[in-house]
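Residue strings, one per chain:
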Amino acid sequence: AGFITVDLSPMKEGEVQTIQWRGKPIFILKKSADMPKNEKRDITTGGSTYAVMIGLCTHLGCIPTWMPATKQFKCACHGGEFDASGINTFGPPPRPMDIPPFKIDGAKLVLG
Ligand code: FES
């Protein structure tokens, strides 16, 4: 119980999908070539790179919004910003967005 399987294969480069897992939003971003890879946080499967994170601001828990123009997540509550890998880059968030437990099974992401 509590496992969710997400098929990554329909995702387009630069696309973010948000799924609900245990009452929390999970952001899955398929990186485009112009987004720097974060070796510690990103995952690569099938030749594509993804960033997976719990979509809650590490300041006070608002849900940041993906901004395609600047390729970052922005938190409307107090102006916090995160890069495409979920690293805090500006404002009050004290740390990167958290990474949920997951496994990669081919083109599928298994959360939980
Ligand atoms: Fe996101 Fe404060 S809750 S910046």
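Residues numbered from 1 in each chain as written. Predicted model: local features only at pLDDT ≥ 70, side-chain atom pairs only at ≥ 80, totals over all residues. Heavy atoms only, no water.

Chemist: Would you take a moment to explain unusual backbone geometry for this structure?
Modeler: In terms of backbone geometry, most residues other than glycine have negative phi values and most peptide bonds are trans. If you check the backbone angles, arginine 22 has positive phi at about 50° while not being a glycine. Looking at the element boundaries, arginine 22 is found in the loop between β2 (16-21) and β3 (24-30). Even without a glycine there, the phi angle at lysine 71 is positive, about 55°. Within the fold, lysine 71 resides in the loop between β6 (65-67) and β7 (72-74). The class of lysine 71 is partly exposed, set by a relative accessible area of 29%. (Helix = DSSP H or I, 4+ residues; strand = E, 2+ residues; numbered from the N terminus. Buried < 20%, exposed > 50% of the residue type's maximum accessible area, 1.4 Å probe, protein only.)

Chemist: Just to check I follow, could you spell out the packing of aromatic side chains for this structure?
Modeler: The geometry of two aromatic rings is summed up by the distance between their centres and the angle between their planes. Per the counting criterion, the structure on display carries two aromatic pairs. Ring plane angle 0° and centroid distance 5.0 Å describe the contact between phenylalanine 27 and phenylalanine 73, whose orientation is recorded as stacked. Of this pair, phenylalanine 27 sits in strand β3 while phenylalanine 73 sits in strand β7, and the two are 46 residues apart along the sequence. Considered together, phenylalanine 27 and phenylalanine 73 belong to a single accessibility category, that of buried residues. Ring centres of tryptophan 66 and phenylalanine 73 lie 4.8 Å apart, and the angle between their planes is 55°; on these two criteria the pair is classed as tilted. Through a chain of ring-to-ring contacts, three or more aromatic side chains come together here, namely Phe27, Trp66 and Phe73. (Phe/Tyr/Trp six-rings, centres within 6.5 Å; stacked < 30°, edge-to-face > 60°.)

Chemist: Looking at this model, I keep getting lost on the state of the cysteines. Mind explaining?
Modeler: Put plainly, a disulfide is one covalent bond tying together the sulfur atoms of two cysteines. Tallied over the entire structure, the rule returns one disulfide. Residue cysteine 62 pairs covalently with cysteine 77 via a disulfide, S to S 1.9 Å. Handedness here is read from the sign of the S-S torsion; for cysteine 62 and cysteine 77, about -90°, the answer is left-handed. In this pair, cysteine 62 sits in the loop between β5 (48-54) and β6 while cysteine 77 sits in the loop between β7 and β8 (81-82), placing the two residues 15 residues apart along the sequence. (Disulfide = S-S within 2.5 Å.)

That is the geometry; function is a separate question.
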